Amino acid sequence: MNKYDHKPIEKKWQDKWEEAGVFHASNTDMHKPKYYALVEFPYPSGQGLHVGHPRSYTALDIVARKRRLQGYNVLYPIGWDAFGLPTENYAIKNHVHPAIVTEKNIARFKQQLQSLGISFDWSREINTTDPDYYKWTQWIFLQLFKHGLAYKKEMSVNWCTSCKCVLANEEVVEGVCERCGSEVVHKVKSQWMLKITEYAQRLIDDLELVDYPERVKAQQRNWIGRSTGAEVDFSTTTGDKLTIYTTRPDTLYGATYMVISPEHPMIEKWADRIQNMDEVRDYQAEAAKKSDFERTEVAKEKTGVRLDGVMAINPVNEKEIPIFISDYVLVSYGTGAIMAVPGHDTRDWDFAKKFGLPIIEVVKGGDVEKEAFTDCATGIMVNSGILDGLTVEEAKKKIIAFLEEKGIGHAKVNFKLRDWVFSRQRYWGEPIPIVYCEKCGYVPLPESELPLRLPDVKSYEPTDNGESPLAHMTDWVNTTCPHCGGPAKRETDTMPQWAGSSWYFLRYMDPHNDQALASPEALKYWSPVDWYNGGMEHTTLHLLYSRFWHKFLYDIHVVPTPEPYAKRTSHGMILGENGEKMSKSRGNVVNPDDIVNEYGADTMRLYEMFIGDFEKAAPWSTSSIKGCRRFVERYWNLQGIVCEDEGIRAKLETPFHKTIKKVTEDIENLKFNTAIAALMTLLNDITAEGSITREELRIFTLLLNPFAPHVTEEVWNVMNFGSMVCEQEWPSYDEAKCTEDTVEIAVQINGKVRARLRIAANLAKDDVFAAVKADEKVAAEIAGKNIVKEIYVPGKLVNIVAKG
Ligand code: ANZ
Ligand code: ZN
């Protein structure tokens, strides 16, 4: 037997798999059950793969490999989400075309991924910057446009002063650009918008149809931000009406002033009557500089200007109340105007204190002189006329009925979700396939003219006036109107990076189709994605956007299911050895190439799966990699102790059946670490025997294969077990043979698990306690203490409460 040498073995099997095409999904074997495993495709950055990527890819590779052995036609694809700012910024700095940078980065990523032995179907590789791909991104945009879901609008947008680019709200994090950290200001620009708000309710409702972690569903719901309340009309001394949105119509009697947003259109209408218009204009200018985040931060000092010369009238008690403008009221939410109830809303309370406005208690239960009382579950209405004595919930119903009867208000559902700003003033994105004609307006390109290719430009720098570099290409910009044949101009904005990733999982189903984004047969067979894994950072926006596009495609009968992903999971981050986030500046980055080179891909894969609970963050540990390497070597050495016996020996029957069951189930439940631990235990049981039978080695090899695919192929080959492991059948187990006569129990002392012991399953209670107390760790814990309570949950747990 040779010494284990990972390098030649790994290269050999990677080549053989590729040659034999064993991981190709089949679009013709449609009688077989299908399984579609998906990982978020990477952005091919200049840094190459980091150790976080393999955590996701290896996990679903294990699932994919196991499902293949279980007889499924498995689709496990990969591609490149390659448009985007970092590449463009690099291209600007280094004067190379972004396409060249992209190609280079992809080649590196691909080589790295292949060195890990991930069973991707490389024949289905896609690239969002390939015109054959973005042709269909553009096609989807045209369908959205034709259905009135893409429209152009003048609007105040978030403008990154450094990227010189419009950002979606979600790309502004704590007031700065998510990508470059620079200041974000407001700017009025004409933008392409997608009407995602039309799908708000369905995006909430259909979360019922999918298997996502509860926290991910909650993120989706919070982002959409559905609230129920009422719209109420306040009349004013000018004879106009001012409509407000409130989630607390029950507090109407406590409204002592109103606040409208500095951008509210009524201000212009009242400009002649407002006596302090100069002050108002100054305030408007200041507010325009701030991000929505800054403006609505609860803790910030409240500012505002009272409109002198106009008053509003509270409709329930006819009292005149002042109107303010303040930046904490946003123009884009509700009606851009609020009734302020300082007794029961924290921001209103702060504002009222600062401006010396009256505070009226209308819900009993707090002390409104000290702070706003915001709890609405327990309070009872006071100082509220017809509502006195009611609970908040009762009061809401009653006041809405009252307002509806008077014709001055009605119940209203609102969403925080805004339409999606879909234009970017950048070069490296999909061109938007629309032309502007003076006569005909915005005209879609005929579908036959897709893809609309991105032309070559000399400079990728965005222009200072905020136009895309494409605007300089007059030859390209000037065109004819597809509708009237007259002169027209092409749209020079491009799509955001979110576009290509909003539908890529569909393209994998039929990646070379030039008639449709994928054939109806392929879509029907492969949809939905059975299991989608990716980072926690994508569980809000990417998930929401792709669900939106998918629902739209469902409505126009392109895709067969209302939801794209049946199940979604997220892996935890891999941290540096010091427990901090891996980053260049912290100097704690581990390069996967080095690990593969030194220990081998199989060890790297095992290690990444063994590192801890898949869904939690885990620090890197070099010593623990060595442990995984030793495990691979010990497995390799089994070849040297093969004996003449046949089958599975009686003594190992239970361990084998139990392990098959455990590995089979753990893989499906994201418990890769405990599956590996079970294989390690089984290996110990085998080596304790001093020998292994061919059948035992055969089964062990099958079980280990999804985790360590190269070394298992080699052993299989050396042992002459027949073609490749990846073409075999997953072992089955007999439930009756899975239970042993011993069980492992956890020992809890004062609520903390202090030890785990293996005891005979039928041990009597008293003997269990005796055995537990004889354990060293337990003995140390309870030494000198008084045992107050002892509980035994048979086969599982001993619980000891000890005092002193
Ligand atoms: C009166 C009131 C009394 C309110 C009270 C709250 C508590 P959510 O729940 O987030 O949807 N609001 C309405 N439009 C606003 C805007 N454009 N900018 C800033 N704030 C706005 O928030 C709804 C509540 O936020 C509304 O209910 C309104 O204040 C405020 F004891 O009205 B409320
Ligand atoms: Zn025209």
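Residues numbered from 1 in each chain as written. Chains lettered and ligands numbered in written order. Predicted model: local features only at pLDDT ≥ 70, side-chain atom pairs only at ≥ 80, totals over all residues.

Moving on, we get to the site of ligand 1. Lining the immediate surroundings of ligand 1 are 18 residues, of which Ser227, Thr246, Arg248, Gly334 and His344 lie closest. Elements with a minimum of two residues in the shell around ligand 1: β11 (241-246) and β15 (337-340). Class assignment for the residues of the shell around ligand 1 results in eight nonpolar, eight polar and two charged. (Near = placed C-beta within 6 Å. Helix = DSSP H or I, 4+ residues; strand = E, 2+ residues; numbered from the N terminus. Nonpolar A, V, L, I, M, F, W, Y, C, P; charged D, E, K, R; others polar.)

Turning our eyes to something else, we now look at the sheet that holds strand β25 (residues 568-571). One open sheet holds the four strands; their spatial order is β2-β1-β24-β25, and the pairing between them is parallel. The two strands at the open ends of the sheet, each matched to only one other strand, are β2 (73-75) and β25. Averaged over all pairs of adjacent strands, the angle between their axes in this sheet comes to 20°, without regard to strand direction. Against the sheet, helix α2 (residues 52-69) engages β1 (34-39), β2, β24 (531-535) and β25, with an angle of about 170° to β1. (Pairing = 2+ DSSP bridges. Axes fitted to C-alpha atoms, helices over the stretch in contact; angles between N-to-C directions. Contact = placed C-beta atoms within 7 Å.)

A few words now on the nonpolar core. Ala37, Leu60 and Leu606 are the most contacted members of the largest nonpolar core, which totals 146 residues. Each of two domains, domain 1 (138-206 + 419-490) and domain 3 (592-737), supplies a minimum of three residues to this core. Apart from residues no more than four positions distant in its own chain, alanine 37 is found in contact with Leu60, Val63, Ala64, Val74, Tyr76, Asp530 and Trp531. Counting 41 residues, the second-largest nonpolar core is a separate cluster that includes Phe234, Val259, Ile338 and Trp349. (Core = buried A, V, L, I, M, F, W, Y, C linked by C-beta atoms within 7 Å. Buried ≥ 20, exposed ≤ 12 C-beta atoms within 10 Å, placed from the backbone. Domains from an automatic or database assignment.)

With respect to topology, four strands assemble into an open sheet ordered β21-β20-β23-β22, the strand pairing being antiparallel. In this open sheet, the two strands that pair with only one neighbour each are β21 (441-444) and β22 (478-480). Put simply, the sheet's adjacent strands are angled 45° from each other on average, direction ignored. In this sheet, strand β23 (residues 487-490) lies alongside strand β20 (residues 434-437) in antiparallel orientation, the contact comprising three bridges. For valine 435, the partnering residue across the bridge sits in β23 and is arginine 490.

Further remarks concern the domain arrangement of the chain. For the chain, the assigned domains are domain 1 (138-206 + 419-490), domain 2 (226-360 + 393-415), domain 3 (592-737) and domain 4 (742-803). Centre-to-centre, using C-alpha coordinates, domain 3 lies 32 Å away from domain 4.

Going from leucine 450 to proline 451, the amide bond is cis rather than trans, its omega being 0°. Structurally, the position occupied by proline 451 is in the loop between β21 and α13 (474-477). Its identity is not glycine, yet histidine 95 carries a phi of approximately 55°, on the positive side. With respect to the element layout, histidine 95 can be found in the loop between α3 (85-94) and α4 (98-115).

With that out of the way, let us pick up helix α19 (residues 601-610). Residues lying three or four places apart along an α-helix face the same way, a consequence of the helix completing one turn every 3.6 residues. Counting buried positions along α19 gives ten out of ten residues, so the element sits mostly inside the fold. For α19, the full list of buried residues reads Ala601, Asp602, Thr603, Met604, Arg605, Leu606, Tyr607, Glu608, Met609 and Phe610. Among the residues trailing α19, glycine 612 stands out with phi positive, at a value near 155°.

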